[in-house]
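Residue-level structural notes
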Amino acid sequence: MSFNKNSRLDPSQVQDRRGSSRGTRMAVGGGGVGLVIIVVALLMGVDPGSLLDMAQEPAADTSAYTSPDSTSDLGTTCQTGADANAKHECAIVGYVNSIQSFWSDEFAANGSEYTPAQTILYSGSTDAACGYASSAMGPFYCPSDQYVYLDLSFFNDLQTRYGAEGGPFAEAYVLSHEYGHHVQDLLGVLNSSGSSPEESVAIELQADCLAGIWMYHAVETGFITQVSDKDIEQALNAAAAIGDDRIQQESQGYVSPETWTHGSSSQRQAAIKDGLRSGDVQTCDTPGS
C-alpha cells in the first residue's frame, strides 16, 4: 500500500499530544479483573467508561489541547502523500484523511452531513472526556468528545503481544474500525444499543464491517493508490489476532463466549469481508449482521 504522493494532507484532523501527557492514573473497578482481560475488553472499543470505573473521575478538561499550536508539528511535516509514504505519523494523517473523506462523501450522498472527528496521538497517557486514557487501553473512540485516541506503541503491541503480522494496512484497519464507531455515534447507534455482551459484540462487528466498507472505497478517496491482496491480509490478520476467543485461549487457557465483547477471530474477519465485498453500507445496517 502506498499513498498518492501528490495528494494534499489535512493534518488538522490529527492532534499530536505526544510529550505532553497529563493523566497518570485510571480508576479501575473490580480489583480481581486481570490486566490482560481489561486490555482486551477495551481494545478498539467504543467507550472505556463502560468497562472501567471511570465514572468516579470528573470529566477531563481537554480545552488545553485545542490551541492552534497543538497540530503545528504535523502541519509542518505532513503536507502531502509523499510525506505519508516517508513518515509514520504522516501515514496516520493520511489514513484519517482517507477514512473521513469517504464518510463525508457517503453521508452527503444520503442527504446527511458528516461531522469530522480528530484522532488524538498520545504517549503513555492523556486526558479524555471519558476519563484518563492510557496506552494499556489500546485505541478507542470516546463518544463524549468524539475523538479517537491512539498511542502509536499499540501497533508494536499488536505484533509482539497479540501475534499479528502488522503492517501499514493493519494500522489502517484499526483506525477505520474506530471511525466506524464515530459513524455509529453520528447515526445514533451507540445511544440505542444496550450493554449486554451480545449487543457489545454486535456493535463491534458492525464497526468491523464499516471498516471493510472504507477499504472497498479507499482508492476512490484519492489518498491511497491501491489496496492489494497483501494489504487486505494484513487487516484480516490483525482482526483475527484480537478476536476474543484467541485472546481468551492464550490468556486464560479456555474460551468463554458469554463474556465476549468484540467477537471471535472468525466473526471479526467475516464482518470485514462483508463490507469489503459489497462496498455497500446497507450490508452493515444491522449491528453484527
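The shown structure was predicted, so the numbers you read here are calculated from the model rather than taken from an experiment. In every chain, residue numbers begin from 1 and rise along the written sequence. Where totals are concerned, whole chains, interfaces and linings use all residues; where local detail is concerned, this predicted model gives features only for residues with pLDDT of at least 70, and gives and counts side-chain atom pairs only at 80 or more. Derived side-chain values reflect all non-hydrogen atoms in the structure, with water molecules and hydrogen atoms excluded from consideration.

Moving on, we come to the pattern of salt bridges. In a structure, side chains of opposite charge can pair up when their charged atoms sit close to one another. The working definition used for a salt bridge is a side-chain nitrogen of Lys or Arg within 4 Å of a carboxyl oxygen of Asp or Glu. Counted under the stated rule, the structure contains two salt bridges. Salt-bridge contacts for Arg18 lead to Asp16; the nearest nitrogen and oxygen are separated by 2.8 Å. In this structure Arg18 comes out as partly exposed when scored by relative accessible area, which is 34%. A salt bridge links Asp208 to Arg268, with the shortest nitrogen-to-oxygen separation between them at 2.8 Å. Residue Asp208 is found in helix α8 (residues 197-217), and its partner Arg268 is found in helix α11 (residues 265-278); the two are separated by 60 residues along the sequence. Relative accessible area decides the class of each residue, using a 1.4 Å probe on protein chains only: under 20% of the type maximum gives buried, over 50% gives exposed, and in between gives partly exposed. Put simply, DSSP H or I for four residues or longer makes a helix, DSSP E for two residues or longer makes a strand, and each gets a number counted from the N terminus.

Glancing now at the state of the cysteines. Any pair of cysteine sulfurs within 2.5 Å is marked as a disulfide. Summed over the entire model, instances satisfying the criterion amount to three disulfides. Two residues, Cys78 and Cys90, share a disulfide whose sulfurs are 2.0 Å apart. Because the sign of the S-S torsion sets the handedness, a value of about -80 degrees for the bond joining Cys78 and Cys90 places this disulfide among the left-handed ones. A residue pair is termed long-range when its members are at least 10 positions apart, and Cys78 in the loop between α2 (72-77) and α3 (81-86) and Cys90 in helix α4 (residues 88-109) qualify at 12 residues. Classification of Cys78 as buried rests on a relative accessible area of 0%. Between Cys209 and Cys284 runs a disulfide, and the two sulfur atoms are separated by 1.9 Å. A torsion of -75 degrees about the S-S bond marks the disulfide between Cys209 and Cys284 as left-handed. Placement of the pair is Cys209 in helix α8 and Cys284 in the segment after α11, with a sequence separation of 75 residues. Sequence-ordered numbering of the bonded cysteines in the chain yields a pairing of 1-2, 3-4, 5-6.

Glancing now at the packing of α8 against α11. Their axes nearest at 7 Å, the elements α8 and α11 cross at an angle of 40 degrees. Judged by the twist between their axes, the crossing of α8 over α11 is right-handed. Judged by residue contacts, Val201, Leu205, Asp208, Cys209, Gly212, Ile213, Met215 and Tyr216 of α8 engage Gln267, Arg268, Ala271, Ile272, Asp274, Gly275, Leu276, Arg277 and Ser278 from α11. Its residues placed into classes, the contact of α8 with α11 shows nine nonpolar, four polar and four charged. Under this scheme, a helix contributes an axis fitted over its contacting stretch, all axes are lines through C-alpha atoms, and angles between N-to-C directions fall in the 0 to 180 degree range. When the near helix sits turned anticlockwise from the far one by under a right angle, the crossing is termed left-handed; a clockwise turn instead gives a right-handed crossing. We call two residues in contact when some of their heavy atoms are within 4.5 Å. Classification used: nonpolar for Ala, Val, Leu, Ile, Met, Phe, Trp, Tyr, Cys and Pro, charged for Asp, Glu, Lys and Arg, polar for all others including Gly.

With that settled, the discussion passes to the confidence of the model for the chain. Scored between 0 and 100, pLDDT is the confidence that the predictor attaches to each residue. Mean pLDDT over the chain: 83, with 80% of residues reaching 70 or higher. For residues 23-72, every residue scores under 50 in pLDDT, and the model assigns this stretch 111 contacts once sequence neighbours within four places are set aside.

Quick look at unusual backbone geometry now. The residue Gln146 is not glycine, and still its phi comes out positive at about 60 degrees. Tracing the chain through its elements places Gln146 in the loop between β5 (140-142) and β6 (147-150). Classification of Gln146 as partly exposed rests on a relative accessible area of 25%.

A word on the nonpolar core. By size, the foremost hydrophobic cluster in this structure holds 63 residues, and its most contacted members are Ile92, Trp103, Tyr173, Leu175, Trp214 and Met215. Broken down by element, this core gets its largest block of residues, 10 residues, from α4. Residues within four places of Trp214 in sequence aside, it is in contact with Ser98, Ile99, Phe102, Phe169, Ala172, Ser176 and Ile224. What we call a nonpolar core is a set of buried Ala, Val, Leu, Ile, Met, Phe, Trp, Tyr and Cys residues that are connected through their side-chain atoms within 4.5 Å. Core analysis: the second largest hydrophobic core is formed by 10 residues, Tyr122, Cys130, Met137 and Tyr147 among them.

On to the side chain of Gln13, then. Looking at the secondary structure, you find Gln13 in the segment before β1 (14-16). Take Gln13: its relative accessible area is 16%, and that puts it in the buried class. Ignoring any residue separated from it by four or fewer positions in sequence, one finds Gln13 in contact with Val96, Asn97, Gln100, Ala117, Gln118, Thr119 and Tyr179.

Interhelical geometry of helix α6 (residues 168-186) versus α8 gives an angle of 120 degrees and a closest axis separation of 8 Å. Classified by the interaxial angle, the pair formed by α6 and α8 is oblique. At the point where α6 passes α8, the crossing takes the right-handed sense. Residues Phe169, Ala172, Tyr173, Ser176, His177, Gly180, His181, Val183 and Gln184 of α6 lie in contact with α8, whose contacting residues are Ile203, Glu204, Gln206, Ala207, Asp208, Leu210, Ala211, Trp214 and Met215. Per-class residue counts for the contact of α6 with α8 are 10 nonpolar, six polar and two charged. Any angle from 65 to 115 degrees is called roughly perpendicular, while one under 35 is roughly parallel, one over 145 is roughly antiparallel, and all others are oblique.

The strand order across the open sheet formed by four strands is β1-β2-β6-β5, and the pairing between neighbours is mixed. Because the sheet does not close on itself, it has two edges, and the strands there are β1 and β5. The average undirected angle you get between the axes of adjacent strands in this sheet is 25 degrees. Pairing between two strands requires that DSSP report at least two bridges joining them. With three bridges joining them, β5 and β6 adopt antiparallel strand pairing. Bridge pairing in β6 links Phe140 to Tyr149. Across the sheet, α6 lies against β2 (119-121), β5 and β6, angled at about 25 degrees from β5, the strand it touches most.

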